[in-house]
Amino acid sequence: KAYDVIYHGGIHGYEHKQALNVMKNFKYAYSSLSYGINRATKNALRDATHIDLSFQGKINLIAKSKISICFNLIHVSFKHLLNFHKYNRKYQQKLNLVSDISMKGIISNFPWFGVLPQFKTRVHEAAISKTINLVYKDKWGVVEDYYEPDKEFIYFASLEELPKKIDYILANWEKAEIQNIVERAYEKSKRYTTQNFVSCYSKVLGKQDPLKALKFKESDFWKEF
């Protein structure tokens, strides 16, 4: 493991900017694309250690890092709101997709109105690379549909707590407490393959009433693996 901590992807909100600032106090890796990115990500390129890696190159970089920071959030813009409205019009039962969108801070956070949950596949990428996931604890907790906190990943509750959690993991990296989390996540990640998903989903589709069958996010969906 050549790096203490890694973040890879776009800089979309305040939390990403602050996390990158925290990471810079450690031996860090930050991987980004240089094209098709927003203004905040362009501004952060000066702090990038790796740019425009291939997918395999990104995975290799993750595998060289001890800790991967993850925010399972999607930042929502006015364009997204319009798309949500079009989506909702297709259904009799409306989806409560925008309950957490707010005009508060719209000027300072432009173009974002707020955040919604979005599970990041980077969690799987870190787990399969034997890199521990350090995940921001939001109120939705979608990561827990796939991995167990304190057993297969570690939460940080605030940006103020982030450096303390990084320090703790690094100080105890070789100890069983941390290595057991790494190993359990690695073993769990092996179930999340395309082959297993198709196998499970085919069984759902074969039910008499698939809509009432197991949903993808429920842990029982994967229980045979």
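Up top you'll find the structure we're talking about.
Structural notes, computed from the coordinates. Computed from a predicted structure; not experimentally measured.

Right, let's talk about the sheet that holds strand S7 (residues 132-136) for a bit. The strand order across the open sheet formed by six strands is S3-S2-S1-S4-S7-S8, and the pairing between neighbours is parallel. Every interior strand has two partners, whereas the edge strands, strand S3 (50-51) and strand S8 (154-156), have only one. Judged from the two bridges that link them, strand S2 (residues 28-32) and S3 form a sheet pairing that is parallel. Of the residues in S3, the one forming a bridge with Ser31 is His50. Strands strand S1 (3-8), strand S4 (65-70), S7 and S8 of the sheet are contacted by helix H7 (residues 162-171), whose axis makes an angle of about 155 degrees with S4.

Those residues of H7 lying buried are Leu162, Ile166 and Ile169. Viewed end-on, H7 has its buried residues packed into an arc of 70 degrees, placing them on one side of the element. Exposed side of H7, more than 90 degrees from the buried face: Lys164 and Ala171 are the residues found there.

What follows concerns the pairing of S1. On a regular strand, one side chain projects to one face of the sheet and the next to the other, so that they alternate. Among the six residues in S1, six count as buried, and that is most of the element. In the sheet, S1 pairs with S4 via three bridges, with the strands oriented parallel. When the bridges of S4 are listed, Ile6 appears paired with Ser68. Pairing geometry for S1 and S2, over four bridges, is parallel.

A word on the layout of surface pockets. In this structure, the second largest pocket encloses a volume near 290 Å³. Forming the boundary of the second largest pocket are 15 residues, of which Gly9, Gly10, Ser31, Ser32 and Leu33 lie nearest the centre. For the lining of the second largest pocket, the elements supplying multiple residues, two or more each, are S2 and helix H3 (55-63).

The tendency in soluble globular proteins is for nonpolar side chains to be buried side by side. Residues Ile132 and Ile166 are the most contacted members of the largest nonpolar core, which totals 28 residues. Of all the elements in the fold, those that place two or more residues in this core are S1, helix H1 (14-23), S2, S4, S7, S8, H7 and helix H8 (176-189). Top contributing element to this core by residue count: H1, with four residues. The residues touching Ile166, leaving out its near neighbours within four places in the chain, are Val5, Val22, Phe26, Ile67, Ile69 and Leu134. In this structure, Phe119, Val135, Val142 and Phe221 belong to the second largest nonpolar core, which totals 18 residues.

Counted at 1.5 Å a residue, the expected span for H8 with its 14 residues is 20 Å, and the 19 Å between its end C-alpha atoms agrees. Within H8 the residues assigned to the buried category are Ile178, Ile181, Val182, Ala185, Lys188 and Ser189. With its buried residues spanning 135 degrees around the axis, H8 presents them on a single face. Tucked into the core, H8 has its buried residues touching helix H6 (122-128), S7, S8 and H7.

Further remarks concern the packing of aromatic side chains. With the rule as written, the count across this model stands at 11 aromatic pairs. Here the aromatic rings of Phe119 and Tyr146 are separated by 4.2 Å at their centres, their planes lie at 25 degrees, and the arrangement is stacked. With Phe119 in the loop between strand S6 (112-117) and H6 and Tyr146 in the loop between S7 and S8, the pair connects residues that are 27 residues apart, well separated along the chain. In this structure, Phe119 and Tyr146 share a single accessibility class: buried. Look at Tyr147 and Tyr192: their rings are 5.6 Å apart centre to centre, the planes differ by 70 degrees, and that puts the pair in the edge-to-face class. Highlighted residues: Tyr147 in the loop between S7 and S8 and Tyr192 in the loop between H8 and helix H9 (194-205), separated in sequence by 45 residues. Exposure class is identical for Tyr147 and Tyr192. Each is buried. Here the aromatic cluster, defined as three or more aromatic residues joined through ring pairs, consists of Phe119, Tyr146, Tyr147, Tyr192, Phe197, Tyr201 and Trp222. Over the ring of Tyr186 we find Lys130, and its NZ or CZ is 4.6 Å from the ring centre.

The rules behind each value
- Residues numbered from 1 in each chain as written.
- Predicted model: local features only at pLDDT ≥ 70, side-chain atom pairs only at ≥ 80, totals over all residues.
- Heavy atoms only, no water.
- Pairing = 2+ DSSP bridges.
- Helix = DSSP H or I, 4+ residues; strand = E, 2+ residues; numbered from the N terminus.
- Contact = heavy atoms within 4.5 Å.
- Axes fitted to C-alpha atoms, helices over the stretch in contact; angles between N-to-C directions.
- Buried < 20%, exposed > 50% of the residue type's maximum accessible area, 1.4 Å probe, protein only.
- Arc of directions from axis to C-beta.
- 1 Å grid on protein atoms, 1.4 Å probe; cavity = no way out; pocket = protein on both sides within 12 Å on 5 of 7 lines; lining within 4 Å.
- Points joined across faces, edges and corners; volume = space filled by probe spheres on them.
- Core = buried A, V, L, I, M, F, W, Y, C linked by side-chain atoms within 4.5 Å.
- Expected span 1.5 Å × (residues − 1).
- Phe/Tyr/Trp six-rings, centres within 6.5 Å; stacked < 30°, edge-to-face > 60°.
- Lys NZ or Arg CZ within 6 Å of the ring centre and 35° of its normal.

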